[in-house]
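These are the residues of each chain, in order.
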Amino acid sequence: MECSKSLSEWNKSQKIIPGGVNSPVRNFSKVGEHPRFIDRARGCRIFDVDGNEYIDYVASWGPLILGHAHPTVVHALVDVVHRGTSFGAPTPLETELAQIIVDAVPSIDKVRLVNSGTEATMSAIRLARGYTGRDKILKIDGCYHGHVDYLLAKAGSGVATFGLSDSGGVPEDIARNTLTVPFNNAEAVKSTIEANSDEIACLILEPIMGNMGIIQPKDGYLNQLREITEQHGVVLIFDEVITGFRVAYGGAQSYYNVTPDMTCLGKIIGGGLPVGAYGGKNEIMNCVAPEGDVYQAGTLSGNPLAVTAGITTLKLLSEPGVYQKLEAKADTLATGLAEATKKNRIDACHSRVGSMLMFYFTSEIVTDADGARTADTDRFKDYFWGLLNKGIYIAPSQFEAGFVSLVHSDNDIQNTIEAASEVIAQM
Ligand code: KE4
């Protein structure tokens, strides 16, 4: 596969951008070689600067559930850009997106728009601390919540991919307020909260772990967390930056019928442009400045372009039958992949919730981050390159999720299954 132009771009970018990329996970160093530089995308396909075409399952790490350059989204952006790009003043568009989110997400009475998932989680944690007057936070080993200092302890995504135990640059007196427990172990949460009960402000977690591959909550686990945190006045925060509007229109909290105190959103709610959000019960959200004393701000928060892309995307997702279509497409793909690993007797643990799916090269049944860490990342590397060379673009890491969009056709899915079957058969 010709990639000389990508290589040339890589040689330039490495000189002036750390790792040649503006986010570590885009770097191919853990699978070897260099990233493909993208020229354009449309629907479920992306095209690199050498003209190679790929069926895309990264979807910009989740946002593009409608596919790339969706005509309705593009038209809405073209219409709105002529009216100005940012005002630093409120607009009706922000209220419209906020209303859509409040109507869709059970835990959210009020919501503040920000510019990224990281800003959303950082703000939610500060708010939980301000609301409770407590300093400690509890997170789950392997969950990734963005690059917030005190949330990089035992994080997933790029932190796991690059084997960074934690991050450099985080002072000990910040990290020590972060407690970590394994996923799918409610007893560990209970005992940790009881040991620190009047000091823990919140428990934050991805209700479905999407940054160590995909790890689903065991039956009743989220309900147990809800009860335990309720008993001890600990704010329960669902980080639904990935799962929000992905696994259901109301997110994982609707899918599993468990309502947290606060929710963080991102990715899909911006439709491919920078939007994050945090929201929750009125009594908590009323503590946010200027109403309350918990400060959070942002020059471009609620930006009319990004909000327009988000509104347009969420309106299209609210149409009848959308999630059934996503479910059917993803189920077909997941079934085909499972048949391929089984037929070739390749140890694999498959995982799918709605239109997010992946599998681990391991014989274990993965229920937490330690289980995910048993995956054979060398085998994954072979799988990644086998697919890429056949025109299938998945995340360059065993510890990420794959995403099916509304515009992956039956043909695209079948082509993917055939390509994956050929690669797996050669393993
Ligand atoms: P951003 O700051 O990257 O918009 O969102 C941070 C974040 C928060 N919470 C969850 C559950 C997330 O998955 C993320 C970001 N996800 C990664 C990929 N798994 C983004 C890709 C990247 O880091 O470039």
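Residues numbered from 1 in each chain as written. Predicted model: local features only at pLDDT ≥ 70, side-chain atom pairs only at ≥ 80, totals over all residues. Heavy atoms only, no water.

Novice: What is the right way to read the sheet that holds strand β11 (residues 349-353) from this model?
Specialist: To summarise the sheet geometry, strands pair through backbone hydrogen bonds and adopt either a parallel or an antiparallel arrangement. The strand order across the open sheet formed by 3 strands is β11-β12-β14, and the pairing between neighbours is antiparallel. This sheet does not close on itself; its edge strands, each paired only once, are β11 and β14 (402-403). In terms of strand pairing, β11 meets strand β12 (residues 356-360) through 5 bridges, oriented antiparallel. Counted as the bridge partner of Ser351 is Met358 from β12. (Pairing = 2+ DSSP bridges. Helix = DSSP H or I, 4+ residues; strand = E, 2+ residues; numbered from the N terminus.)

Novice: What exactly am I supposed to notice about the environment of Gly130 here?
Specialist: By secondary structure assignment, the location of Gly130 is in helix α4 (residues 117-132). Overall, the relative accessible area of 40% leaves Gly130 in the partly exposed class. Considered as a pair, Gly130 and Val294 are 164 residues apart in the sequence and their alpha carbons are 6.1 Å apart. (Buried < 20%, exposed > 50% of the residue type's maximum accessible area, 1.4 Å probe, protein only.)

Novice: Looking at this model, I keep getting lost on the pairing of strand β2 (residues 45-48). Mind explaining?
Specialist: Working note: regular strand, side chains alternate between the two faces of the sheet. For strand β1 (residues 38-42) and β2, the ladder comprises 4 bridges, and the chain directions are antiparallel. Its bridge partner being in β2, Ala41 is matched across the sheet by Ile46. Linking two consecutive strands that pair antiparallel, namely β1 and β2, is a turn of 2 residues; a positive phi of about 65 degrees is found at Gly43 within it.

Novice: What am I meant to see in the site of the ligand here?
Specialist: Taken together, 17 residues lie around the ligand, and Ser23, Thr118, Asn211, Asp239 and Glu400 are the ones closest in. Ser23 is positioned with one of its side-chain polar atoms (N or O) 2.5 Å from an oxygen atom of the ligand. Between the ligand and Asp239 there is a distance of 2.7 Å, counted from a nitrogen atom to a side-chain nitrogen or oxygen. Burial of the ligand by the protein chains amounts to 86% of its free accessible area of 530 Å². Here the residues of the shell around the ligand are counted per class, giving 5 nonpolar, 8 polar and 4 charged. (Near = heavy atom within 4 Å. Polar contact = N/O pair within 3.5 Å; in protein donor to acceptor, adjacent residues only side chain to side chain. Areas by Shrake-Rupley, 256 points an atom, 1.4 Å probe, with all protein chains shown as cover. Nonpolar A, V, L, I, M, F, W, Y, C, P; charged D, E, K, R; others polar.)

Novice: Hey, could you run me through the state of the cysteines in this one?
Specialist: Two cysteines joined by a covalent bond between their sulfur atoms form a disulfide. Counted by the stated rule, this structure contains 0 disulfides. Here Cys264 stays unpaired: no disulfide links it, and the sulfur of Cys202, its closest cysteine neighbor, is 9.2 Å away. The exposure class of Cys264 is buried, given its relative accessible area of 0%. (Disulfide = S-S within 2.5 Å.)

Novice: What should I look at first to understand the sheet that holds strand β13 (residues 392-393) in this one?
Specialist: The 4 strands lie next to each other as β1-β2-β3-β13, forming an open sheet whose pairing is mixed. Both edges of this open sheet fall to β1 and β13, since each of them pairs with a single strand only. Direction of pairing for strand β3 (residues 53-56) relative to β13: parallel, over a ladder of 2 bridges. Of the residues in β13, the one forming a bridge with Ile55 is Ile392.

Novice: Please explain the pattern of salt bridges as it appears in this structure.
Specialist: Any two side chains of opposite charge can pair, on the condition that their charged atoms come close. Evaluation of the coordinates by the stated rule reveals 17 salt bridges. A salt bridge links Glu199 to Lys136; the shortest N-O distance between them is 3.4 Å. One end of the pair, Glu199, is in the loop between α7 (186-195) and β7 (200-205); the other, Lys136, is in strand β5 (residues 136-140), and 63 residues separate them in sequence. Glu199 sits in the partly exposed class, given a relative accessible area of 35%. A salt bridge links Arg373 to Asp141, with the nearest nitrogen and oxygen atoms 2.7 Å apart. (Salt bridge = Lys/Arg side-chain N within 4 Å of Asp/Glu carboxyl O.)

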